[in-house]
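# Reading the structure
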Amino acid sequence: GVLNEQGFEMRVREEFARAVDYNLPLTLCIVHLDPSRASGEQREHAILHILRMMKQQLREYDILARLDADHLALGLVGYKSQEAHNWTETMRRDIASTPVDVEGKRMSFTVSIGLAQAEPRETWDDLIAHANAALEVSRRSGNRVTVFA
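In what follows, the accompanying structure is described. Please read these numbers as outputs of a predicted model, since none were measured by experiment. Sequence positions are assigned chain by chain, starting from 1 and proceeding in written order. Owing to the predicted nature of the model, reporting of local features is limited to residues with pLDDT of at least 70; listing and counting of side-chain atom pairs is limited to 80 or more, with chain, interface and lining totals taken over all residues. Only hydrogens and water are set aside; all other atoms, that is, all heavy atoms of the structure, feed into the side-chain values.

## Here we look at the overall build of the protein
Numbering of helices and strands starts at the N terminus; helices are DSSP runs of H or I of at least 4 residues and strands are runs of E of at least 2. From N to C terminus, the protein includes 4 helices and 7 strands. Listed N to C, the secondary structure of the protein is α-β-α-β-β-α-β-β-β-α-β in terms of helices and strands. When we talk radius of gyration, it's over C-alpha atoms, and the globule rule is simply 2.2 Å times the number of residues to the 0.38. In summary, the protein has a C-alpha radius of gyration of 15 Å against a globular reference of 15 Å for 149 residues, a match within 12%. Over its C-alpha atoms, taken along the principal directions, the protein stretches across nearly 50 × 30 × 25 Å. Buried, partly exposed and exposed residues are distinguished by accessible area as a fraction of the type maximum, computed with a 1.4 Å probe on protein chains only: under 20%, between the cut-offs, and over 50%, respectively. Buried residues in the protein amount to 46% of all 149 residues. Between two residues, a contact is recorded if the distance between any of their heavy atoms is within 4.5 Å. Long-range pairs, those at least 24 residues apart, make up 66% of the contacts in the protein with a sequence separation of at least 6. For the protein, the exposed surface amounts to about 8,000 Å²; the carbon and sulfur share of it is 48%. Two residue types count as positive, namely Lys and Arg, and two as negative, namely Asp and Glu; His and chain ends fall outside the count. By convention, charge coordinates are those of NZ in Lys, CZ in Arg, CG in Asp, or CD in Glu. The protein carries 18 positive and 22 negative side-chain charges, and their two centres are separated by 5 Å. Per-residue and other accessible areas were derived by the Shrake-Rupley procedure at a 1.4 Å probe size, with only the shown protein chains allowed to occlude residues.

Below, the structure written as structure tokens:
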């Protein structure tokens with residue numbers, strides 16, 4: 001299912017601890033629905049459409065959440081940043097090329113995505129800050145994926 005922000009943080013913190021303890025990759029992705037001329041209701045349809053698309057492509061143990069009206073978050077378990085970049089880039093292209101039917105209109109939407117891989121010696125707060133920093137870079141140009149480096 002799709003978690004809320006609190007449920008997401010709880011699950012990702014568990015995976016973050018496991019990643020640090022066992023030196024396993026974990027990548028945090030924050031997805032933002034890019035600005036458009038769509039109404040709030042149309043944007044809501046778009047977010048729900050994007051959630052369905054992502055759920056179809058995620059593995060059972062990956063973590064998906066809706067943070068607020070325009071933001072989603074993913075915890076990609078076992079993915080290094082390059083693998084996560086490939087996955088999110090494909091997802092970004094699929095979202096942009098798949099119109100959403102809203103009230104008899106076919107509308108296209110785009111997303112910007114920031115991602116960061118959990119690193120040993122980093123804290124949970126570091127991981128969130130890095131993913132948000134990457135998202136800000138993506139949002140400035142719109143419709144792109146940025147990996148925190």
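Let us keep going from here.
## Observations concerning unusual backbone geometry
Look at Asn23: it is not a glycine, yet its phi comes out positive at around 55 degrees. On the secondary structure map, Asn23 appears in the loop between helix 1 (5–22) and strand 1 (26–33).

## Focus on the side chain of Thr27
With respect to the element layout, Thr27 can be found in strand 1. A distance of 2.7 Å separates a polar side-chain atom of Thr27 from the backbone oxygen of Tyr79. With residues near it in sequence (within four places) discarded, Thr27 still touches Leu74, Gly75, Leu76, Tyr79, Lys80, Ser81, Ala84, Leu115, Ala116 and Gln117. Any pair of N or O atoms that falls within 3.5 Å is considered a polar contact. Within protein, one atom must be able to donate a hydrogen and the other to accept it, and sequence-neighbouring residues count only if both atoms are side-chain atoms.

## Some words on the packing of aromatic side chains
Two aromatic rings from Phe, Tyr or Trp, using only the six-membered ring of Trp, form a pair when their centres are within 6.5 Å; if the ring planes differ by under 30 degrees the pair is stacked, by over 60 it is edge-to-face, and anything between is tilted. All told, the structure shown has 1 aromatic pair when counted by the stated rule. Centroid distance Phe16 to Trp124: 6.4 Å. Interplanar angle 70 degrees. Geometry classified as edge-to-face. You can see Phe16 sitting in helix 1 and its partner Trp124 sitting in helix 4 (residues 124–141), a full 108 residues away along the chain. Take Phe16 and Trp124: they sit in the same class, and that class is buried.

## Looking at the pattern of salt bridges
Think of a salt bridge as a Lys or Arg side-chain nitrogen and an Asp or Glu carboxyl oxygen that are within 4 Å of each other. For the coordinates displayed, the defined rule picks out 11 salt bridges. Linking Arg43 and Asp70 is a salt bridge whose minimum nitrogen-to-oxygen distance equals 3.3 Å. Taken as a pair, Arg43 in helix 2 (residues 40–57) and Asp70 in the loop between strand 2 (63–66) and strand 3 (71–77) lie far apart in primary sequence, 27 residues in all. Exposure remark for Asp70: the relative accessible area of 22% places this residue in the partly exposed category.

What is shown is where atoms sit, not what they do.
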